[in-house]
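Letter by letter, the chains look like this.
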Amino acid sequence: VFGTMFLNTLTPKFYVALTGTSSLISGLILIFEWWYFRKYGTSFIEQVSVSHLRPLLGGVDNSSPINSNSSNGDADSNRQNVSECKVWRNPLNLFRGAEYNRYTWVTGREPLTYYDMNLSAQDHQTFFTCDSDHLRPADASKEHGCPHTFVYTLYVFFLSCVVFPKNYFHSFPTGLSCPVSCATASILLAEEEATTIVEAEKLFKQALKTGEGCYRRSQQLQHHGAQYEAQHRRDTNVLVYIKRRLAMCSRKLGRTREAVKMLRDLMKEFPLLSMFNIHENLLESLLELQNYADVQAVLAKYDDISLPKSATICYTAALLKARAVSDKFSPEAASRRGLSTAEMNAVEAIHRAVEFNPHVPKYLLEMKSLILPPEHILKRGDSEAIAYAFFHLQHWKRVEGALNLLHCTWEGTFRMIPYPLEKGHLFYPYPICTETADRELLPMFHEVSVYPKKELPFFILFTAGLCSFTAMLALLTHQFPELMGVFAKAFLSTLFAPLNFIMEKVESILPSSLWHQLTRI
């Protein structure tokens, strides 16, 4: 009786206010959930439930190891994720002064992020300095025009430009002249201050003369102690860096054969220095010469299961196999007669490359716009895809039908990879850390490619449905208040019917005097 009286007192305005308030609250929850998911990649409600409510309810933490075998497997998986999420120096990185800064002058956009430039500054400190530098006598520095003071001043200036990019164009230290006896000073000026490749090459040649002399002297003294060994290691890094950049200058100035010769000589002279990935520079130069036999020979040496892979190796191998069949490939003919052995090999090579880095095809097929590649890349990430496509798109266009074969076959890769990527097909499972690292490496104006696409959490879908449903109810109640009031009363009556039935049974069982006393209490 009380429930019926309460329902009869409710007016249509109450239902409009109720549904409108419910729609507003669910809409606010939906907006917050969507923002939180876009920023952190997870649902806030789900995260709170897992982090705080599950322990209170006695749930088991999935992260706790059940036995030693599973803990060992998790450790191996963690080590693999750490290695695959490591940031690498881009072997084909552009020149800061002659290329990146020219882009900034023209467009007003910064192509490099603070994180990327900071990594480059750390690389320069690692390659161009050693622990024994401070032991050199000060009077020797004065006799040679204070070259180390000059390098230090340059380091301070260029590091300040990382923090305050506008300083680069206005506050270069005045009164400084590059000392002839300092190779590292010439390197920094070639990288940062030269506005053309010709100027950079001139400074690198100047650095080469000094660098070779330092290398020969430290080579003779490297076995005299740890201090001399560190100096020799530093001088070796400086010499390799100079020669590789000189080869890149020749490549950019159109002297590709000269660049190939310099890179081959460098790889023969220093076969153990793999940190610069000089073979990727060589592959790109050989592709420019269309010397595919030599490209295959380089791939046979470096496309080994024991060596770390890269997009350059995987996609160049796919390009060579596609080159053998792409000019005559037709999807209609292939669907009628099936794939030949050569076509199957090409398709498998493309699938292998796409599994290693699934971001590359959209750049090669020009489904997504390219930007200048960063100075550091994340293997299997969007940054590596940009760096590869920026330099190799022209080589794919040069091979007739190669892009058509890629367009017809690349999406078939995802049908072969287990979902949701618990294990890979030909490589390790795709790392989950690529999006975060790529967002730090790539500029803000670039839309980072994400793989695999994240599915919307349940609570976002739930709040979206709840918001839509309550908003529809609010609109209908506002438009048809009497009719919706009848429906609401019927719904509430049906909802409270079991409770009314229980109350009637209780009244019939208990004595009326006792029930009267309970209601008074």
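Above this note sits the structure.
Model, not experiment: these values are computed from the prediction. Each chain carries its own residue numbering, running from 1 in the written order of its sequence. Given that the model is predicted, a residue must reach a pLDDT of at least 70 before its local features are reported, and side-chain atom pairs must reach 80 or more before they are shown or counted; all residues, however, enter totals for whole chains, interfaces and linings. For the side-chain quantities, the full set of heavy atoms in the structure was used; hydrogens and water were omitted.

If you had to explain the overall build of the protein chain to someone new, which residues and values would you point to?
The number of helices and strands found in the protein chain is 24 helices and two strands. The buried label applies to any residue whose accessible area, calculated with a 1.4 Å probe on protein chains only, is under 20% of its type's maximum; exposed applies above 50%, and partly exposed to all values in between. Expressed as a percentage of its 521 residues, the buried residues of the protein chain come to 43%. When checking whether two residues touch, look at their non-hydrogen atoms; a contact exists if any pair is within 4.5 Å. Here the analysis covers contacts within the protein chain between residues at least 6 apart in sequence; of these, 73% occur between residues at least 24 apart. Areas reported as accessible are Shrake-Rupley estimates using a 1.4 Å probe. Residue values count occlusion only from the protein chains shown. As presented, the protein chain carries roughly 29,500 Å² of accessible surface, and 60% of it is formed by carbon and sulfur atoms. Strands are runs of DSSP state E lasting at least two residues, helices are runs of H or I lasting at least four, and both sets are numbered from the N terminus onward.

Describe the packing of aromatic side chains, naming the residues involved and giving the relevant values.
For this analysis, a ring pair means two rings from Phe, Tyr or Trp (six-membered ring only for Trp) whose centres lie within 6.5 Å, classed as stacked if their planes differ by under 30 degrees, edge-to-face if by over 60, and tilted for the remaining angles. Scanning all chains against the criterion turns up five aromatic pairs. Seen from their ring centres, Phe 128 and Tyr 241 are 5.3 Å apart, and the 80° between their planes marks the pair as edge-to-face. Here Tyr 241 lies in helix α11 (residues 226-252) and Phe 128 lies in helix α6 (residues 114-128), a separation of 113 residues in the sequence. Using a relative accessible area of 3% as the deciding quantity, one classes Phe 128 as buried. Note on Tyr 241: relative accessible area 2%, which makes it buried. As a reminder, the over-ring test applies to NZ of lysine and CZ of arginine, requiring each to be within 6 Å of the ring centre and within 35 degrees of the ring normal. The ring centre of Phe 95 lies 4.0 Å from the NZ or CZ of Arg 245, which sits over that ring. Across from the ring centre of Trp 88, 4.1 Å away, lies the NZ or CZ of Lys 379, which sits over that ring.

Give me the lowdown on helix α17 (residues 341-356), citing residues and values where you can.
Helix span is expected to be 1.5 Å times the residue number reduced by one. For α17, which comprises 16 residues, the first-to-last C-alpha distance of 23 Å matches the rise-based estimate of 22 Å (1.5 Å per residue) to within 8%. Among all positions in α17, only Glu 343, Ala 346, Val 347, Ala 349, Ile 350, His 351, Arg 352, Ala 353, Val 354, Glu 355 and Phe 356 are buried. Lining the buried residues of α17 we find α15 (311-323), α16 (331-337), α18 (360-364), α19 (382-398) and α20 (402-409).

Lay out the nonpolar core with the relevant residues and their values.
Here, nonpolar core refers to any group of buried Ala, Val, Leu, Ile, Met, Phe, Trp, Tyr and Cys residues whose side-chain atoms link them within 4.5 Å. Of all hydrophobic cores here, the largest spans 77 residues; its most connected members are Ile 187, Phe 204, Ile 242, Tyr 315, Leu 364, Trp 396 and Leu 406. The leading source of residues in this core is α15, at nine residues. Ranked by size, the runner-up nonpolar core spans seven residues in total, among them Leu 92, Leu 94, Tyr 100 and Phe 391.

Break down the environment of Ala 230 for me, citing the residues and quoting the values.
For Ala 230, the position within the fold is in helix α11. Judged by its relative accessible area of 15%, Ala 230 falls in the buried class.

Which residues make up the pattern of salt bridges, and what values go with them?
Any Lys or Arg side-chain nitrogen located within 4 Å of an Asp or Glu carboxyl oxygen qualifies as a salt bridge. This model, assessed by the stated rule, comprises 16 salt bridges. Across the pair Glu 99 and Lys 252 runs a salt bridge whose closest N-O atoms are separated by 3.2 Å. Of this pair, Glu 99 sits in helix α5 (residues 96-107) while Lys 252 sits in helix α11, and the two are 153 residues apart along the sequence. We classify Lys 252 as partly exposed; its relative accessible area is 29%.

Any details on the packing of α17 against α20? Residues and values, ideally.
The convention used is that axes are lines fitted to C-alpha atoms, helices contributing only their stretch in contact, and that angles between N-to-C directions extend from 0 to 180 degrees. Contact geometry of α17 with α20 gives a least axis separation of 10 Å together with a crossing angle of 70°. The angle between the axes of α17 and α20 places the two elements in the roughly perpendicular class. Judged by the twist between their axes, the crossing of α17 over α20 is right-handed. Between α17 and α20, the contacting residues are Ala 346, Val 347, Ile 350 and His 351 on the first element and Leu 405, Leu 406 and Thr 409 on the second. For this scheme, ten residues count as nonpolar: Ala, Val, Leu, Ile, Met, Phe, Trp, Tyr, Cys and Pro. Four count as charged, namely Asp, Glu, Lys and Arg, and the remainder, Gly too, count as polar. Looking at the contact of α17 with α20 residue by residue, the classes come out as five nonpolar, two polar and no charged. Note on angle classes: values under 35 degrees are labelled roughly parallel, values over 145 roughly antiparallel, values of 65 to 115 roughly perpendicular, and the remainder oblique. Handedness of a helix crossing follows the sense of rotation of the near helix relative to the far helix, less than a right angle counterclockwise being left-handed and clockwise being right-handed.

Which residues make up the side chain of Glu 284, and what are the values?
Along the polypeptide, Glu 284 turns up in helix α13 (residues 278-288). Take Glu 284: its relative accessible area is 4%, and that puts it in the buried class. Pairs of N or O atoms within 3.5 Å make up the polar contacts considered here, provided that, within protein, one atom can donate a hydrogen while the other can accept it, and that residues adjacent in sequence are counted only when both atoms are side-chain atoms. Of note is the side chain of Glu 284, whose polar atom sits 3.0 Å from the side chain of Arg 251.

So what's going on with a nonpolar patch on the surface? Which residues, and what values?
What makes a patch is a set of residues exposed beyond 30% relative accessible area and free of salt bridges, joined within 9 Å when like-charged and within 5 Å when nonpolar (Val, Leu, Ile, Met, Phe, Trp, Tyr). A grouping of Phe 469, Met 472, Leu 476, Phe 480, Leu 483 and Phe 487 is seen on the molecular surface, where their side chains present a nonpolar patch of about 600 Å² in accessible area. Sorting the residues of the nonpolar patch by element identifies α22 (458-479) and α23 (481-509) as the ones contributing at least two each. Looking at the nonpolar patch, the element that brings in the most residues is α22, giving three residues. Examined against the element boundaries, Leu 476 turns out to sit in helix α22.

Describe in detail unusual backbone geometry, supporting the description with residues and values.
Located in the positive-phi region is Glu 366, a residue other than glycine, with phi close to 55°. In this fold, Glu 366 is placed in the loop between α18 and β2 (376-378). Notably, Arg 380 is not glycine yet its phi reads approximately 75°, a positive angle. Mapped onto the elements, Arg 380 comes out in the loop between β2 and α19. A relative accessible area of 3% means that Arg 380 is categorised as buried.

Please provide a residue-by-residue account of the packing of helix α14 (residues 292-302) against α15, values included.
Here α14 crosses α15 at 135°, and the two axes come no closer than 11 Å. Looking at the two axes, α14 sits oblique to α15. Like other packed secondary-structure pairs, α14 and α15 cross with a definite hand, here left-handed. Residue-level inspection shows Tyr 292, Val 295, Gln 296, Leu 299 and Tyr 302 of α14 in contact with α15, the latter providing Ile 313, Thr 316, Ala 317, Leu 320 and Arg 323. Looking at the contact of α14 with α15, its residues break down into seven nonpolar, two polar and one charged.

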